[in-house]
Amino acid sequence: MSNYKIFCDESNHLSSDTSNLMVIGGISCPTLEVEYFNRYIKHLKHKHNANNELKWTKLNNNKKEFYRELLEFFFSRVNTKFNAQIVINKSNLNHDKYNDSEADKFYYKMYYYALLPFLEVNEDFNIFIDYKDTKGGQRARKLNEVIHNTFYGNINCEFTIIHSHESQIMQLTDIIIGAISYKNREDIEHRSEIKNFIIDTIEELNGSSLDISSPQWEEKFRIFRFVPRSF
């Protein structure tokens, strides 16, 4: 059994996406607590009659109390952590100059740095990646190779590709990443009442804005903003 399970998601990771922002992040949870975590989210869904899959793109304006209780639950769990990498102005990336002939290589780097704060030598991790396209298996194998080499083999990682509806924690990851992406986008008008409510709730519970990098000492909820130089 792995010691930790990490549930990862991403937003606007493709070079063809219209947004000039990319977010990759995940929630890490001790394996022994995952079942309880998932069951409690199901309990909240039942309590608030919010039984559909949690998705940032399908928020319900009438479920504010549900979203608040959901986020309060996450922030109350001492051993459950979140980390995200934000790439601002991704169109400025010069892959040729920095030896990244393919944008996928940069994607691997950002995914690696999103995972790095969770990883520890001589620990076992089961890392779940939300299914996006047919390249998922290739990406998972490459990430496993990079992590294995970085830790000189002194770490055990198993990657599993799942659909978000299979995991309540994965769905929560989608909500948090969606909030971060929405907050950091400068190309849209932030008019959605429910989206702004979720952002305000996260910032209140975390004590920090979603559009700044977290201090190095932060462990519970971390964000790192990467701004490529223009060329």
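Residues numbered from 1 in each chain as written. Predicted model: local features only at pLDDT ≥ 70, side-chain atom pairs only at ≥ 80, totals over all residues. Heavy atoms only, no water.

**As for helix α6 (residues 193-206)**
For the record, the criterion: Going along the chain from the N terminus, every DSSP run of H or I of four or more residues is numbered as a helix, and every run of E of two or more is numbered as a strand. By this rule, a helix spans an expected 1.5 Å times one less than how many residues it contains. Residue exposure (1.4 Å probe, protein chains only): buried if accessible area is under 20% of the type maximum, exposed if over 50%, otherwise partly exposed.
When the terminal C-alpha atoms of α6 are compared, their 20 Å separation across 14 residues agrees well with the 20 Å that a helix rising 1.5 Å per residue should span. Those residues of α6 not exposed but buried are Ile194, Phe197, Ile198, Ile199, Thr201, Ile202, Glu203 and Asn206. The positive-phi residue at the C-terminal boundary of α6 is Gly207, with phi of around 75°.

**Here's the deal with empty space enclosed by the protein**
In plain terms, the rule: Using a 1 Å grid laid over the protein atoms alone, points where a 1.4 Å probe fits but cannot get out form a cavity; open sets with protein on both sides within 12 Å along at least 5 of 7 lines form a pocket; any residue with an atom within 4 Å of a point counts as lining. Grid points are joined across faces, edges and corners, and a volume is the space filled by probe spheres set on the points. For this classification, the nonpolar set comprises Ala, Val, Leu, Ile, Met, Phe, Trp, Tyr, Cys and Pro, the charged set comprises Asp, Glu, Lys and Arg, and every other residue, Gly included, is treated as polar.
Evaluation of the coordinates by the stated rule reveals 1 cavity of 30 Å³ or more. In this model, the largest cavity occupies a volume close to 50 Å³. Every residue along the wall of the largest cavity is listed here: Glu10, Tyr107, Ile129, Asp130, Lys132, Asp133, Gly136, Arg139 and Ala140. Secondary-structure elements contributing two or more residues to the lining of the largest cavity are β4 (124-130) and α4 (136-150). Split by residue class, the lining of the largest cavity holds 3 nonpolar, 1 polar and 5 charged.

**Topic: the nonpolar core**
Under the convention used in this document: Think of a nonpolar core as a cluster: buried Ala, Val, Leu, Ile, Met, Phe, Trp, Tyr and Cys residues, connected wherever their side-chain atoms sit within 4.5 Å. Here, two residues are considered to be in contact whenever any of their heavy atoms come within 4.5 Å of each other.
Counting residues in hydrophobic clusters, the biggest one holds 43 residues, and the most contacted among them are Phe82, Ile180, Ile198 and Phe221. In terms of residue count, helix α5 (residues 168-184) provides more of this core than any other element does, 9 residues in total. Setting aside chain neighbours within four positions, we find Ile198 in contact with Trp56, Leu59, Tyr67, Leu71, Ile175 and Ala179. In terms of nonpolar packing, the next biggest core, distinct from the first, is built from 25 residues, Tyr108, Tyr112, Ile129 and Phe159 among them.

**Some words on the confidence of the model for the protein chain**
The condition is simple: A residue's pLDDT is the predictor's confidence in that residue, given on a scale from 0 to 100.
Confidence in the prediction of the protein chain, expressed as mean pLDDT, is 88, and 89% of residues score 70 or more. Low confidence marks residues 95-101, where pLDDT is under 50. Its contacts with residues over four positions away, or in another chain, come to 11 contacts.

**A short note on the packing of aromatic side chains**
Threshold: Stacked, tilted and edge-to-face are the three classes assigned to paired rings of Phe, Tyr and Trp, where Trp is represented by its six-membered ring and a pair needs centres within 6.5 Å; plane angles under 30 degrees give stacked, over 60 edge-to-face, the rest tilted. By the criterion adopted, a ring carries a charge over it if an Arg CZ or a Lys NZ lies within 6 Å of its centre and within 35 degrees of its normal.
Enumeration over the complete set of coordinates arrives at 15 aromatic pairs. When the ring of Tyr107 is compared with that of Tyr111, the centres are 5.5 Å apart and the planes differ by 75°; the resulting orientation is edge-to-face. Taken together, the residues Tyr107 and Tyr111, both in helix α3 (residues 103-115) and 4 residues apart, mark about one turn of the helix. Assigned by exposure class, Tyr107 and Tyr111 land together as buried. Site record: aromatic cluster; members linked through ring pairs are Tyr36, Phe37, Tyr40 and Phe73. Positioned above the aromatic ring of Tyr107, the side-chain terminus of Arg139 is 4.9 Å from the ring centre. The cationic tip of Lys220 hangs over the ring face of Phe74; the distance from NZ or CZ to the ring centre is 4.3 Å.

**Digging into the sheet that holds β4**
Backbone hydrogen bonds hold the strands of a sheet together, and the pairing may be parallel or antiparallel. To keep things clear, this is the line we draw: Strands qualify as paired when DSSP identifies two bridges or more between them. What counts as an axis is a line fitted to C-alpha atoms, over the stretch in contact for a helix, and the angles between N-to-C directions run from 0 to 180 degrees.
One open sheet holds the 6 strands; their spatial order is β5-β4-β1-β2-β3-β6, and the pairing between them is mixed. With one partner strand each, in any of the chains shown, β5 (156-162) and β6 (221-226) form the two edges of the open sheet. Ignoring which end each strand starts from, the neighbouring axes of this sheet average 20° apart. Alignment of strand β2 (residues 21-30) against strand β3 (residues 81-88), held across 8 bridges, turns out to be antiparallel. Note on β3: the bridge partner recorded for Leu21 is Ile88. Contacts between helix α1 (residues 31-47) and the sheet are confined to β1 (4-11) and β2, with β2 contributing the most and set at about 105° to the helix.

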